[in-house]
Amino acid sequence: MNLIDASVVGLYLLVLFTIGLVSARKSKDQSAESFFLTNKTLPWFAIGFTIIASGISSEHFLGAVGYSYTFGLAVANWEWLNAPSLIILIVFFIPIYLRKNVVTMPQFLEMRFNHSVRLLFAIITILIYTFINLAGVIYSGGIALQGILDLDTIYLGVITVTLIGGFFAIYGGMESVAWTNVFQAVLLLGGGLIVFIMGINTVPGGLSEILGDGNRAKLILPSDDPEIPWTGLMVLTFSTNIWFFCTNQSINQAALGAKNEWNAKMGILFAGFLMIIIPLADVFPGLIAYALGLNPKDSAGGANSAYLDLVEHLLPVGLRGVVYAALCGAIISTIEAMSNACSTIFTFDIYPVISKLRDDKQLIKTGRITGILVLIVAALWTPVVGTFQHIFQYFQQCWAFIAIPAVIVFFLGILWKNFSDRAAVITLLLSFPMFLMPYLLNFFSIGLNAYVAAGYTLIIVLVFSVLISILLPNKDKKEVSGLIWASSLLKENDRSHPWYKTISFWAVLLLVIYIGIYVYIEFLR
């Protein structure tokens, strides 16, 4: 990296540190709940940007680009199929979470079931964040820094992103995470769009040539496609995505810190509108690299370096620095969100079982120590991530299976008042064998597509959970008032807003736009 690009990245880090430190000062002398969730002050735009920045990291800018380089436009489904899960979050979960003053997802499960369910889900969540999410993000961040700085080993990059990303969440809490994420989300989307625009202007034939032809140019692939069949995408839509957006602490934490319910819902919808353009920044660069005939190969033999190779090929000095800064922002923002989420869950859901101390300073200190330990363990797990050819594949296949028990427990929990505590515990215990499923599919070279296999597993576990609940009902009648979804929850403060500010108007518009994208690409283009 030359001096000009290095100066741009340096300026970015300076601005980022300034925002983080100023935000962190607001967290001083606050309660532990305010430190981890903010003081219920976040506006809709900060929530939307935080959701985007928390959910998009180097596994997108490296993994998704490499995956789309290999398999084409269908990879955009990982963004454009998010609309149903966002609407489900707004309609079914957010009203309950906010009206019950939920701080963590495990806390909600205690309200609905019992303390055992809360503790079990808290442990599972921290394990997922540590060994799948954070490990993958840190590893891909190491690949990015190795390519940008020409480091001798990926693990120097791993150490660097771990230290920088952990600083903000551990020092500043959710206030620092949220406001640095606003800055980083703008930068990472802007950087990705720069690459997209430069690519369109560089590839002979423009967008049509970039999209290509055949299956590479389609969003919906046949059911017998070995990698991304439409049947697998249905599992993505109604299992993985619901888990990711509706039960995920790092995603929901910003919405839980909203000023009010309207800001929480509007922030989620705002994130949905931003997701319309995200594939231009993290999928289309892979198509552009393919159209230009680039031949990216990383140390694992995959195409994870396609994004960096394309930036080097397309962009002039200076603009490269902006994109490198955007990539750093994507990595740091996700590490911030996930380490803060782990700290929050441990502090509020696990630590009270270990200690009776309730002093706010002690709780904040405990959360910070947890964040440090989680980051260290995740960094040490990164060599395992490197055994997968595609980073994106590592995330998605692991999530496809691990999402199943949580989605079933949360959904049956809010829709079926007779879903029992013991059935919830037994279903969540299935999360542990789910951790092994992607590795077993690879080890035994099973020909069944991983996402389709996850779909079959979802159906089996759902039937099993219902049967267990019938066979092992609660011994005593539980008070679940306000925890079971009812249509009355939809009658919120939309009435007090003009039509153009109502949640229903923007939700319908969001769905219409997403449907329009699929209709155009599949039938009209």
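This text goes with the structure placed above it.
The present account deals with the structure reproduced in this document. Since we're looking at a predicted model, the values are computed, not measured.

Conventions and cut-offs
Residues numbered from 1 in each chain as written. Predicted model: local features only at pLDDT ≥ 70, side-chain atom pairs only at ≥ 80, totals over all residues. Heavy atoms only, no water. Helix = DSSP H or I, 4+ residues; strand = E, 2+ residues; numbered from the N terminus. Buried < 20%, exposed > 50% of the residue type's maximum accessible area, 1.4 Å probe, protein only. Contact = heavy atoms within 4.5 Å. Arc of directions from axis to C-beta. Patch = residues over 30% accessible without salt bridge, like charges linked within 9 Å, V, L, I, M, F, W, Y side chains within 5 Å. Areas by Shrake-Rupley, 256 points an atom, 1.4 Å probe, with all protein chains shown as cover. Salt bridge = Lys/Arg side-chain N within 4 Å of Asp/Glu carboxyl O. Core = buried A, V, L, I, M, F, W, Y, C linked by side-chain atoms within 4.5 Å. 1 Å grid on protein atoms, 1.4 Å probe; cavity = no way out; pocket = protein on both sides within 12 Å on 5 of 7 lines; lining within 4 Å. Points joined across faces, edges and corners; volume = space filled by probe spheres on them. Nonpolar A, V, L, I, M, F, W, Y, C, P; charged D, E, K, R; others polar. Expected span 1.5 Å × (residues − 1). Bend = angle between axes of the 7 residues up to and from the residue.

### A short note on the overall build of the chain
Link 1 in the chain: From N to C terminus, the chain includes 22 helices and zero strands.
Link 2 in the chain: Here the chain, with 525 residues, has 61% of them falling under the buried criterion.
Link 3 in the chain: The contacts in the chain between residues at least 6 apart in sequence include a share of 85% that link residues at least 24 apart.

### Overview of the side chain of Ser469
Link 1 in the chain: Along the chain, Ser469 falls in helix α21 (residues 450-471).
Link 2 in the chain: The residues touching Ser469, leaving out its near neighbours within four places in the chain, are Trp416, Asn418, Phe419, Ser420 and Ala423.

### Side note on helix α19 (residues 421-429)
Link 1 in the chain: Three or more residues of α19 are buried, namely Asp421, Ala423, Ala424, Thr427 and Leu428. End-on, the buried residues of α19 take up no more than an arc of 160°, which puts them together on one face.

### Examining a nonpolar patch on the surface
Link 1 in the chain: On the surface, Leu436, Leu440, Phe443, Phe444, Ile446, Leu448, Tyr456 and Ile460 cluster together into a nonpolar patch covering about 880 Å² of accessible area.
Link 2 in the chain: Tallying contributions element by element places helix α20 (residues 431-443) first for the nonpolar patch, with three residues.
Link 3 in the chain: Mapped onto the secondary structure, Ile446 falls in the loop between α20 and α21.
Link 4 in the chain: Look at Ile446 and you get partly exposed, because its relative accessible area is 45%.

### So, the pattern of salt bridges
Link 1 in the chain: The tally for this structure, following the rule as stated, stands at five salt bridges.
Link 2 in the chain: In this structure, Arg99 and Glu261 form a salt bridge, with 3.0 Å as the shortest nitrogen-oxygen distance. Here Arg99 is found in helix α6 (residues 83-99), whereas its partner Glu261 is found in helix α13 (residues 261-282), with 162 residues between them in sequence.
Link 3 in the chain: Arg99 sits in the partly exposed class, given a relative accessible area of 39%.
Link 4 in the chain: The buried category is assigned to Glu261, whose relative accessible area is 12%.

### Description of the nonpolar core
Link 1 in the chain: With 179 residues, the main nonpolar core has Trp80, Phe93, Tyr97, Phe108, Leu109, Trp243 and Met275 as its most contacted residues.
Link 2 in the chain: By residue number, the principal contributor to this core is helix α18 (residues 391-415), which donates 19 residues.
Link 3 in the chain: Among all residues touching Leu109, those that are not within four sequence positions of it are Asn114, Val117, Phe121, Val409, Phe410 and Leu428.

### Topic: empty space enclosed by the protein
Link 1 in the chain: Per the stated rule, a full pass over the model turns up two cavities of 30 Å³ or more.
Link 2 in the chain: When contributions to the lining of the largest cavity are tallied by element, the ones reaching two or more residues are α3 (44-55), α5 (77-80), α11 (230-246) and α18.
Link 3 in the chain: For the lining of the largest cavity, the leading source of residues is α11, giving five residues.
Link 4 in the chain: Residue composition of the lining of the largest cavity, by class: 10 nonpolar, six polar and one charged.
Link 5 in the chain: Size it by volume and the second largest cavity reaches roughly 50 Å³.
Link 6 in the chain: Lining the second largest cavity are Phe121, Thr125, Ile128, Tyr129, Trp243, Thr247, Asn248 and Gln249.

### Here's the deal with α11
Link 1 in the chain: Compared with an ideal rise of 1.5 Å per residue, which puts 17 residues at 24 Å, α11 spans 23 Å between its outermost C-alpha atoms and is within 8% of the ideal.
Link 2 in the chain: Where α11 bends most, the angle comes to about 40°, and this point is Leu236.
Link 3 in the chain: Along α11, 13 of the 17 residues are buried, which leaves the element largely enclosed by surrounding structure.

### A closer look at unusual backbone geometry
Link 1 in the chain: If you check the backbone angles, Asn101 has positive phi at about 55° while not being a glycine.
Link 2 in the chain: In this structure, Asn101 sits in the loop between α6 and α7 (105-112).
Link 3 in the chain: Here Asn101 falls in the exposed class, since its relative accessible area comes to 52%.

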